[in-house]
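An overview of the molecular structure
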Amino acid sequence: MQSTLQKQLTGRMIAFEGGDAAGKKLQTELLQRFFEQQGVKVTVFSFPRYETFTGTLVGNALKGEYGDFVSMSPYIAALIYMADRKAALPELLAAQKQGMVICNRYCGSNEAFQSAKLPEKEQERWVEEYCQRMEHEIMGIPRADLNILLNVPYEITQELHKKKEERTYIKGKLQDQHERDEQYQRKVHQRYLDMAQKKTDWKRVDCAPRGNTLTDLLSPEDIHKQVKEIIAHAFNPTEFGEN
């Protein structure tokens, strides 16, 4: 028999967003564990799915096999990421019927990273008229109910990059094309901040509210606590435990 919390959260989708090395994977794992302890069925997706055919295309692009990916038109570059989510669509929809879904990156990453390539006056229009229309209306990819931005200063993410495990899609290199471009990363970070401020389905966690060094970074547990508070306010679930 389903619990009240399970019934309330079935079909809901939460996406963790943020710059590279912002801690999205860890917060996804902590939230999954928390809800599973509450008796909620949880399915996790991490995008891009580098182990799949469509995810391999993304990995190849990020390591430079198709040229300068940062300079590639967002109209073209965005499609590679959309194709990866489109390929996952049957699994996404099935997971929503069974319980809640948590994503480590989702559509918001595409919107932030690709719109950052455009002049500021064109960014919002591109997201609404091209990116969201293509992804949600034409491809039928569901929107996340809640996007949680893990706001980590660029200086800290660069230090955290050095602690990352080796990633197979870039064959042992420390950073991919996106990660190596500081100016681009800073533009993406600003796009994330703009989106979190303007969109009602976005919430922001300031993970280093006191500065931009590693010692200023909140503990994963403190960040997780803020994440739970955001979800409790957004969904107002009953029986929301404190595990």
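Calculation rules
Residues numbered from 1 in each chain as written. Predicted model: local features only at pLDDT ≥ 70, side-chain atom pairs only at ≥ 80, totals over all residues. Heavy atoms only, no water. Salt bridge = Lys/Arg side-chain N within 4 Å of Asp/Glu carboxyl O. Helix = DSSP H or I, 4+ residues; strand = E, 2+ residues; numbered from the N terminus. Buried < 20%, exposed > 50% of the residue type's maximum accessible area, 1.4 Å probe, protein only. Pairing = 2+ DSSP bridges. Axes fitted to C-alpha atoms, helices over the stretch in contact; angles between N-to-C directions. Contact = heavy atoms within 4.5 Å. 1 Å grid on protein atoms, 1.4 Å probe; cavity = no way out; pocket = protein on both sides within 12 Å on 5 of 7 lines; lining within 4 Å. Points joined across faces, edges and corners; volume = space filled by probe spheres on them. Left-handed = near helix turned anticlockwise from the far one by under 90°. Nonpolar A, V, L, I, M, F, W, Y, C, P; charged D, E, K, R; others polar. Polar contact = N/O pair within 3.5 Å; in protein donor to acceptor, adjacent residues only side chain to side chain. Phe/Tyr/Trp six-rings, centres within 6.5 Å; stacked < 30°, edge-to-face > 60°.

1. Here we look at the pattern of salt bridges
Under the defined criterion, the tally for this structure stands at 12 salt bridges. Here Arg-85 ties to Glu-135 by a salt bridge, and the two come within 2.4 Å at their closest N and O atoms. Taken as a pair, Arg-85 in helix 4 (residues 74-87) and Glu-135 in helix 7 (residues 120-138) lie far apart in primary sequence, 50 residues in all. A single burial state applies to Arg-85 and to Glu-135, both of which are buried. Ionic pairing is found between Lys-198 and Glu-124, a salt bridge with its closest N-O pair at 4.0 Å.

2. Remarks on the sheet that holds strand 1 (residues 13-17)
With parallel pairing, the five strands of this open sheet are ordered in space as 2-3-1-4-5. The open sheet is flanked by strand 2 (42-46) and strand 5 (202-206), the only strands paired with a single partner. Strand-to-strand twist of the sheet, defined as the mean angle between neighbouring strand axes without regard to direction, takes the value 20°. The pairing of strand 1 with strand 4 (residues 146-151) spans four bridges and is classified as parallel. Bridge pairing links Ile-14 to Leu-146 in strand 4. Each of strand 1, strand 2 and strand 3 (100-104) touches helix 5 (residues 89-98); the most contacted strand, strand 2, lies at about 155° to it.

3. Considerations on the layout of surface pockets
Reported here for the second largest pocket is a volume of approximately 170 Å³. Taken together, Ala-116, Lys-117, Leu-118, Glu-120, Gln-123, Glu-124, Lys-187, Gln-190, Arg-191, Asp-194 and Lys-198 form the lining of the second largest pocket. Secondary structure elements with two or more residues in the lining of the second largest pocket: helix 7 and helix 10 (182-198). If you tally residues by element for the lining of the second largest pocket, the top one is helix 10, at five residues.

4. Observations regarding the packing of helix 4 against helix 7
It is the contact of helix 4 with helix 7, at a shortest axis distance of 10 Å, that shows an interaxial angle of 30°. In this structure, helix 4 meets helix 7 at a crossing whose hand is right-handed. On helix 7, the residues touching Pro-74, Tyr-75, Ala-78, Leu-79, Met-82 and Arg-85 of helix 4 are Trp-126, Tyr-130, Cys-131, Met-134 and Glu-135. Broken down by class, the residue content of the contact of helix 4 with helix 7 amounts to nine nonpolar, no polar and two charged.

5. Thoughts on the environment of Glu-135
Residue class for Glu-135 comes out buried when judged on its relative accessible area of 1%. The sequence separation of Glu-135 and Leu-79 amounts to 56 residues, and the corresponding C-alpha distance is 8.8 Å. If we ignore the near neighbours within four places in the chain, the residues touching Glu-135 are Met-82, Arg-85, Cys-107, Asn-110, Gly-140 and Ile-141. Side chain to side chain, Glu-135 and Arg-85 meet in a polar contact 2.4 Å long.

6. Quick notes on the pairing of strand 4
The side chains of a regular strand alternate between both faces of the sheet. Counted residue by residue, strand 4 has six buried out of six residues, so it is predominantly covered. Side chains Leu-146, Ile-148 and Leu-150 project from strand 4 onto one buried face, and the interleaved Asn-147, Leu-149 and Asn-151 project onto a second face that is buried too. For strand 4 and strand 5, the ladder comprises five bridges, and the chain directions are parallel. By the bridge assignment, Ile-148 is partnered in strand 5 with Lys-203.

7. Brief notes about the packing of aromatic side chains
One pair of aromatic rings is described through two measures. These are the centre distance and the angle between the planes. In this structure the tally under the stated criterion is 10 aromatic pairs. Residues Phe-47 and Tyr-106 carry aromatic rings whose centres are separated by 5.9 Å and whose planes lie at 50° to one another, so their mutual orientation is tilted. A residue pair is termed long-range when its members are at least 10 positions apart, and Phe-47 in the loop between strand 2 and helix 3 (53-62) and Tyr-106 in the loop between strand 3 and helix 6 (107-115) qualify at 59 residues. Each member of the pair, Phe-47 together with Tyr-106, is buried. Each ring, one from Phe-69 and one from Tyr-81, has its centre 6.2 Å from the other, and the planes form 25°; the classification is stacked. Of the two residues, Phe-69 sits in the loop between helix 3 and helix 4 while Tyr-81 sits in helix 4, which places them 12 residues apart along the sequence.

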